[in-house]
Amino acid sequence: MNSPKLSLRRETPPDTSRPHGRSPLPKNAVVSALIGIEHQHATVQAGDIYGRGARIADFLCANSVTRTVLIVEIKTPGATLSSSTPNRGKGIEAAVYPPHTELSGLITQVQSQMAAVPKSLASRRTSDIKLDAWNEPRGAVTTGRISALDPQQLESFLR
């Protein structure tokens, strides 16, 4: 199946288990993996006879090398990312703004879908879908705009 590919990149974090925090990769190395979209609107957990309890992901993706699962949820860019009032501290350096319920709800939704992959999806796979549904399913969300945050909220969000 020829599916679109996404390239996910992240900087290599320092490895604190090695002496002096040294990583086997150069300091600013970029690790990249090709992620293929396996299915759009994938039911990662089947519902009951009435369809209640089903968990449906926007995109079910897989790492092209390891075949591990990535659940992707995409919501509106107008979603609020941060609470409007800090729950502790004052000023740009100390204020801590909790995530808005729109963001925390979305994260909870993805965590629920990730948990359903080895419990439900693994037993319902067909031979044409070659996924490793047991090893560390991952999740990603795309929502909101950081440009909508004021400087204090932005500083807190990026910490």
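Residues take numbers from 1 onward in each chain, read along the sequence in its written order. Where totals are concerned, whole chains, interfaces and linings use all residues; where local detail is concerned, this predicted model gives features only for residues with pLDDT of at least 70, and gives and counts side-chain atom pairs only at 80 or more. Side-chain numbers come from the whole structure's heavy atoms, not from hydrogens or water.

Trainee: Can you explain the pairing of strand 4 (residues 69-74)? Please cite residues and give values.
Mentor: Between buried and exposed lies partly exposed: a residue is buried under 20% and exposed over 50% of the maximum accessible area for its type, with that area taken using a 1.4 Å probe on protein chains only. In this text, helices come from DSSP runs of H or I with a minimum length of four residues, and strands from runs of E with a minimum of two, each type numbered from the N-terminal end. In terms of burial, strand 4 is largely enclosed, as five of its six residues are buried. Sheet topology note: the strand 3 (residues 55-63)/strand 4 ladder contains four bridges and is antiparallel. Its bridge partner lying in strand 4, Ala62 is registered against Val69. When DSSP finds two or more bridges between two strands, those strands count as paired. The antiparallel hairpin formed by strand 3 and strand 4 contains five residues in its connecting segment, where Arg67 sits at a positive phi of about 65 degrees. Summarising the sheet, strand 4 and strand 5 (residues 138-142) pair through five bridges and their orientation is parallel.

Trainee: Account for the environment of Leu60, with residues named and values stated.
Mentor: Inspection of the secondary structure puts Leu60 in strand 3. Through-space distance from the C-alpha of Leu60 to that of Leu70 is 6.2 Å; in sequence the pair is ten residues apart. Whether two residues touch is decided by their heavy atoms; if any such pair falls within 4.5 Å, the residues are in contact. Discounting chain neighbours no more than four positions away, the residues touching Leu60 are Gly36, Ile37, Glu38, His39, Ala42, Val69, Leu70, Ile71, Leu121 and Leu131.

Trainee: Can you explain the nonpolar core? Please cite residues and give values.
Mentor: For soluble globular proteins, the rule of thumb is that nonpolar side chains tend to be buried together. Buried Ala, Val, Leu, Ile, Met, Phe, Trp, Tyr and Cys residues that are joined via side-chain atoms within 4.5 Å together make up what is termed a nonpolar core. Of all hydrophobic cores here, the largest spans 13 residues; its most connected members are Val44, Leu60, Val69, Ile71, Val117, Leu121 and Leu131. Residue assignment for this core shows that the elements contributing at least two residues are strand 2 (30-45), strand 3, strand 4 and helix 2 (101-124). Examining the composition of this core, we find that four residues originate from one element, helix 2, more than from any other. Dropping the residues within four chain positions of it, Ile71 is found in contact with Val44, Ala57, Phe59, Leu60, Val110, Gln113, Met114, Val117, Arg138, Gly139 and Ala140. The next biggest cluster of nonpolar side chains, apart from the first, holds six residues, and it includes Ile37, Phe59, Cys61 and Leu70.

Trainee: Help me get a handle on the environment of Leu149, residues and values and all.
Mentor: Mapping Leu149 onto the fold places it in the loop between strand 5 and helix 3 (151-158). A relative accessible area of 12% places Leu149 in the buried class. Put simply, Leu149 and Ser82 are 67 residues apart on the chain and 7.5 Å apart in space, counted from C-alpha to C-alpha. Discounting residues that sit within four places of it in the chain, Leu149 has contacts with Leu81, Ser82, Leu154 and Phe157.

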